[in-house]
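Observations on the model geometry
Residues per chain, in single letters:
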Amino acid sequence: MSEEVKKAVCVWCKGECGVLVHVKDGRLIKAVEDPDWPRKVYPRTRACPRLKAAKEWFYHPERVNFPLKRAAERGENKWQRMSWTEAFDEIAERIQKIKDAFGGEAIVHTQGTSYREEYPLRARFFSQLGGSPTYAGASNICFMPRSTMANAIVGMFSHYSVGPKSKCIVLLGAEPLNARPINAQVIRDAKKRGTKLIVIDPRFTRSASLADTWLQLRPGTDCALLLGMIYVIIEEGLYDKDFVEKWCHGFDQLRKHVKRYTPEEVEKITLVSSEKLREAARIYAGNRPGAILEGVATEQSQNAGEILQARWILAGLTGNIDVEGGEELTGPHPTIISCREVEPGIRFSPEQQGKQIASDRFRLLSWQGQRIITENMKKVWGKTTGVPSVSHGPSMYRTILTGKPYPIRGVITMASNPMVTQPDTKLIYKALKSLDLYVVKDFWMTPSAQLADYVLPSSSWLERPILWDFCGYDRYMVSGEAAVPQTVPGEYEHKTDFDFWRELGLRLGQGDYWPWKDLEEYYDARLAPTGLKHKEYVYTVRCEHKKPGYKKYERTGFATPTGKVELYSTVLEKLDYPPLPSFKEPTESKVSNPDLAREYPLTLITGGRTREFYHSEWRQIDSVRSRHPDPLLQIHPETAAALDISEGDWVWIETRRGRVRQKATLFDGMDPSIVHAEHGWWLPELPGEEPWLHGVWEVNINVVIDDNPDICNSITGAWPLKTALCKVYKVKKY
Ligand SMILES: Nc1nc2c(c(=O)[nH]1)N[C@H]1C(S)=C(S)[C@@H](COP(=O)(O)OP(=O)(O)OC[C@H]3O[C@@H](n4cnc5c(=O)[nH]c(N)nc54)[C@H](O)[C@@H]3O)O[C@H]1N2
Ligand SMILES: Nc1nc2c(c(=O)[nH]1)N[C@H]1C(S)=C(S)[C@@H](COP(=O)(O)OP(=O)(O)OC[C@H]3O[C@@H](n4cnc5c(=O)[nH]c(N)nc54)[C@H](O)[C@@H]3O)O[C@H]1N2
Ligand code: SF4
Ligand SMILES: [Mo]
């Protein structure tokens, strides 16, 4: 047969690039940039190392192609092939056994990054199981805090909504030039038009090199910095008086509250000079409309909730909300049934819902906060995006170990790799090893999969249709850019995640809840209100972005309890949190713990994105790995010299929790007291059996990071990934 070329959208990272997939005789030949794709990204799609490696990835000899069952003790890396029917039957039986002995909540789920579109299907499975509302993963530190806080303060969310009208962009703990190819292009274009760019980052990033002003703050002090900006904007009268008067709730309380955050006081905390802070506040308030693009550093902080709250207060004060080029608010898609809407967490009985781990403690993202937000949203938008509630991973792993408040005996891990991406790896390891049942569905034998009883092969985006609706937010859904057909017929025994939940559900008496026989039928059902089938949708709607209009609040009010932008948050107050944000010093810093800092004098930031890897993925793909063979620790040349460390030396990074090694690379774009380690590292080339577990104890920075619930942000549950105290020294012999 001749070669076929199919249009698709790559979802291997946040580029969402239009691609052409070449297929011959049912085999993938290559995937390349689609020259007709209307939206450009930076770096260009054609330069993407992952896309170039598509075939290498797809047919890699180490890919898991058949269901596997453990054939020896856990961690011995001995496996036996089995059929899917056997796998489903056995797993369903073991789930039933756990449920009978300990209750449905004794089986939980760990989930991964947000681009796996079908993950809300787990809610369907678990609610019908009479099971656990506990799903843990990255959600407390990635995307959910920012979207939920936006929902709480302004009643909807705006995500990277800058455009030709934007006069100012603030990058707050974000580095889109590495992490977000779509937004990187938008920012470069804006810069060319003369848009002001403020970058708030302890490191001199690629974006910082484009900035009009770079605020080089001390890690973990964003909240103080933003409160300082709020102070300046209020005291210098730079705020939008009309908007504040008509549309903001709690201005007087805010004004009083920020009195203590004078630029001079804030300088002492953040180490950003008071002049620079004033300048930044004036640029931001004086160049409207503008938007703040918050990155993951805001969420991976012990001050996460307060930082995000302050960020929205700034947007409210300046009247930047729901204006073109500012923070454009988007509602739920008016017609399409979003992936979350179709899986209402509400199906859990209140009694089961109450069993969500740590939902009493970290209340904003748990069912408690989501309930308030959902009600608000419905009032204004008529429906909700179906906000899912998020459980607290660190608390969940501790529950596995203690059996308190109830036993958890089974875990299903899908599209995540907790042994690499979740902190306190030693604790995760103990917890996973102690289970009665551990199931992992992935493409690879990851360090997490090595601890499983069953490892199940998965279909990649090339082998399954996709309807990527970005959690139901209109902006993304209208674009329709990620409605993709299956482009390569599945080979071996890869199955979609949809099939996994459905087949398991069918065996556990959930027949009524799985009416669609495959993913495509499921998408057809969700697209039904548009009158289009998934197949038609793919080719009809391609990367169009219909704007939902501006200043919609003038008609409807904001979807908050007061109908206004809540500078003073009644939602947080209802959840028993302070209604106004305050700065708290990180628990590991020279200021809060000088004794510890004597032994561990450096501040460790982790996880700045690299252009090659996506979290723990791609380490086994030679063409990608050869571009970035080792994990890198950025260290200031002066610090390195004092420690006799040279470029390329292997160094130990030690915290009070242990040590791992990475290779030193000298970088003078940060304070000498800071080092920056890459995350996501394991070494697939090392043996999978214990004690190696593919090098996870050697190079995975999360081995030395803490996520004790006692130090997590009380509002969002965030664990600190950017502020640990460490010391660094040369590896003597390796
Ligand atoms: N290639 C690639 N792309 C990715 C990913 C990937 O793994 N690889 N991951 C994806 C995912 S899931 C996410 S969440 C996004 C993340 O994307 P971004 O949010 O843009 O995250 P980073 O690129 O890590 O940039 C975070 C920046 O915060 C800075 N920082 C560290 N500590 C602090 C602090 O205390 N305050 C402030 N203000 N800044 C600080 C760091 O120096 C870093 O430059 O990337 C996505 N895109
Ligand atoms: N120290 C530190 N740790 C961090 C971060 C940091 O900045 N610093 N960042 C955090 C952030 S923001 C995030 S989002 C998390 C990410 O945490 P994870 O989501 O756990 O990370 P990934 O490495 O992306 O793991 C995804 C796994 O799922 C597999 N997979 C991919 N697609 C699919 C699919 O469609 N189906 C199935 N079944 N499997 C699939 C991949 O092969 C991979 O093994 O990491 C967090 N961890
Ligand atoms: S991996 Fe990311 S940048 Fe590369 S083609 Fe896919 S979506 Fe685009
Ligand atoms: Mo993330």
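Every value quoted in this text rests on a predicted model; they were computed, and no experiment measured them.

Time to look at the overall build of the chain. Secondary structure summary: the chain contains 30 helices and 24 strands in total. At 25 Å, the chain has a C-alpha radius of gyration in line with the 27 Å of a compact globule built from 734 residues. For the chain, the spread of C-alpha atoms along the three principal axes comes to 70 × 65 × 55 Å. Here the chain holds 734 residues, and the buried ones make up 66% of them. Within the chain, counting contacts between residues at least 6 apart in sequence, those at least 24 apart form 76% of the total.

Once that is clear, we can look at the sheet that holds strand β7 (residues 135–137). A sheet is described by the order of its strands in space; here seven strands give the open sequence β5-β4-β15-β14-β13-β6-β7, paired in mixed fashion. Either end of the sheet is taken by a strand with one partner, and the two such strands are β5 (79–81) and β7. Each strand axis lies, on average, 20° off the axis of its neighbour in the sheet, ignoring direction. As paired elements, strand β4 (residues 68–70) and strand β15 (residues 454–457) share two bridges and run antiparallel to each other. Pairing of Lys69 across the sheet is with Tyr454, part of β15.

What follows concerns the domain arrangement of the chain. Taken domain by domain, the chain holds domain 1 (4–58), domain 2 (146–330 + 550–574) and domain 3 (594–730). Distance between the C-alpha centres of domain 1 and domain 2: 35 Å. In this complex, domain 1 contributes nine residues to the contact, which on the side of domain 2 involves eight residues. Summing both sides of the interface, domain 1 and domain 2 together bury roughly 760 Å²; the carbon and sulfur share of this comes to 67%.

What follows covers the site of ligand 1. In the vicinity of ligand 1, 31 residues are found, and the nearest of them are Asp201, Arg203, Asp222, Val296 and Phe613. Within the backbone of Gly173, a nitrogen or oxygen atom sits 3.4 Å from an oxygen atom of ligand 1. Interatomic distance of 2.7 Å between a backbone N/O atom of Ala179 and a nitrogen atom of ligand 1. Contact with the protein chains hides 99% of the accessible area of ligand 1, taken as 920 Å² for the molecule alone. Those elements that provide at least two residues to the shell around ligand 1 are α6 (176–179) and α14 (296–299). Top contributing element to the shell around ligand 1 by residue count: α6, with three residues. Class assignment of the residues belonging to the shell around ligand 1 gives a composition of 13 nonpolar, 10 polar and eight charged. Looking at which domains feed residues into the shell around ligand 1, each of domain 2 (146–330 + 550–574) and domain 3 (594–730) gives three or more.

Right, let's talk about the site of ligand 3 for a bit. Contacts to ligand 3 come from Cys10, Trp12, Cys13, Gly15, Glu16, Cys17, Thr45, Cys48, Arg50 and Leu51. Grouping the constituent residues of the shell around ligand 3 by class yields six nonpolar, two polar and two charged.

On to the packing of helix α12 (residues 263–270) against helix α13 (residues 274–286). Interhelical geometry of α12 versus α13 gives an angle of 110° and a closest axis separation of 8 Å. Between α12 and α13, the angle is such that the two are roughly perpendicular. Crossing of α12 over α13 shows right-handed handedness. Only Ser274, Leu277 and Arg278 of α13 make contact with α12, whose side of the interface consists of Pro263, Glu264, Val266 and Glu267. Among the residues making up the contact of α12 with α13, the classes are represented as three nonpolar, one polar and three charged.

Let's shift gears to the side chain of Thr45. Mapped onto the elements, Thr45 comes out in the loop between β3 (27–33) and α1 (49–52). Once you skip the residues sitting within four places of it in the chain, Thr45 turns out to touch Cys17, Gly18, Val19, Glu33 and Leu51.

It is worth spelling out the pairing of strand β21 (residues 650–655) at this point. The element β21 is extensively covered by neighbouring structure, given that five of its six residues are classed as buried. Both β21 and strand β22 (residues 658–666) contribute to a ladder of six bridges, which runs antiparallel. Its bridge partner being in β22, Glu654 is matched across the sheet by Arg659. Where β21 folds back on β22, the antiparallel hairpin that results is connected by two residues. In this structure, β21 lies alongside strand β24 (residues 724–730), joined through four bridges in antiparallel fashion.

This brings us to the side chain of His392. Note that His392 resides in the loop between α17 (367–381) and α18 (393–402). A distance of 2.7 Å separates a polar side-chain atom of His392 from the backbone oxygen of Gly717. With near-sequence residues (within four places) excluded, His392 lies in contact with Ala136, Asn140, Ile357, Ala358, Phe362, Pro709, Cys712, Gly717 and Trp719.

Here we have six strands rolled up into a closed barrel, ordered β19-β23-β20-β22-β21-β24, and mixed in their pairing. Between one strand axis and the next, the sheet turns by 45° as a mean value, whatever way the strands run. In terms of strand pairing, strand β19 (residues 602–606) meets β24 through three bridges, oriented antiparallel. Note on β24: the bridge partner recorded for Leu602 is Cys726.

With respect to the helices and strands, the residue Ala136 is situated in strand β7. Considering only alpha carbons, one finds Ala136 and Gly393, 257 residues apart in sequence, at a separation of 4.6 Å. Excluding its chain neighbours within four sequence positions, the residues that come into contact with Ala136 are His109, Thr110, Gln111, Ser391, His392, Gly393 and Met396.

Evaluation of the coordinates by the stated rule reveals 49 salt bridges. In this structure, the salt-bridge partner of Glu235 is Arg255, at a minimum N-O distance of 3.6 Å. Taken together, the residues span a long stretch of sequence, with Glu235 in helix α9 (residues 222–235) and Arg255 in helix α11 (residues 251–257) at a distance of 20 residues. The partly exposed category is assigned to Arg255, whose relative accessible area is 29%. Arg282 serves as the salt-bridge partner of Glu236, at 2.7 Å between the closest nitrogen and oxygen. With Glu236 in the loop between α9 and α10 (241–247) and Arg282 in helix α13, the pair connects residues that are 46 residues apart, well separated along the chain. Residue Arg282 is classed as partly exposed on the basis of its relative accessible area, which comes to 41%. Here the salt bridges do not stand alone but share partners, grouping Arg70, Arg74, Arg94 and Asp453 into one network.

We now examine the packing of helix α5 (residues 144–154) against α17. One can describe the packing of α5 onto α17 by two numbers: an axis separation of 10 Å at closest approach and a directional angle of 55°. On the basis of the axis angle, α5 is oblique to α17. At the point where α5 passes α17, the crossing takes the left-handed sense. Touching Met144, Thr148, Asn151 and Ala152 of α5 are Gln370, Ile373 and Met377, all from α17. A per-class count over the contact of α5 with α17 returns four nonpolar, three polar and no charged.

Another aspect to go through is the pairing of strand β8 (residues 168–172). With respect to burial, β8 is a largely interior element, five of its five residues being buried. Judged by which residues are buried, β8 turns out to be covered on both faces: Cys168, Val170 and Leu172 on one side and Ile169 and Leu171 on the other are all buried. Direction of pairing for β8 relative to strand β9 (residues 196–200): parallel, over a ladder of five bridges. The residue bridging Cys168 from the neighbouring strand is Lys196, located in β9. Alignment of β8 against strand β12 (residues 290–294), held across five bridges, turns out to be parallel.

What counts, and at which threshold
Residues numbered from 1 in each chain as written. Chains lettered and ligands numbered in written order. Predicted model: local features only at pLDDT ≥ 70, side-chain atom pairs only at ≥ 80, totals over all residues. Heavy atoms only, no water. Helix = DSSP H or I, 4+ residues; strand = E, 2+ residues; numbered from the N terminus. Rg over C-alpha atoms; globule rule 2.2 N^0.38 Å. Buried < 20%, exposed > 50% of the residue type's maximum accessible area, 1.4 Å probe, protein only. Contact = heavy atoms within 4.5 Å. Pairing = 2+ DSSP bridges. Axes fitted to C-alpha atoms, helices over the stretch in contact; angles between N-to-C directions. Domains from an automatic or database assignment. Buried area = accessible area lost by both parts, 1.4 Å probe. Near = heavy atom within 4 Å. Polar contact = N/O pair within 3.5 Å; in protein donor to acceptor, adjacent residues only side chain to side chain. Areas by Shrake-Rupley, 256 points an atom, 1.4 Å probe, with all protein chains shown as cover. Nonpolar A, V, L, I, M, F, W, Y, C, P; charged D, E, K, R; others polar. Parallel < 35°, antiparallel > 145°, perpendicular 65-115°, else oblique. Left-handed = near helix turned anticlockwise from the far one by under 90°. Salt bridge = Lys/Arg side-chain N within 4 Å of Asp/Glu carboxyl O.

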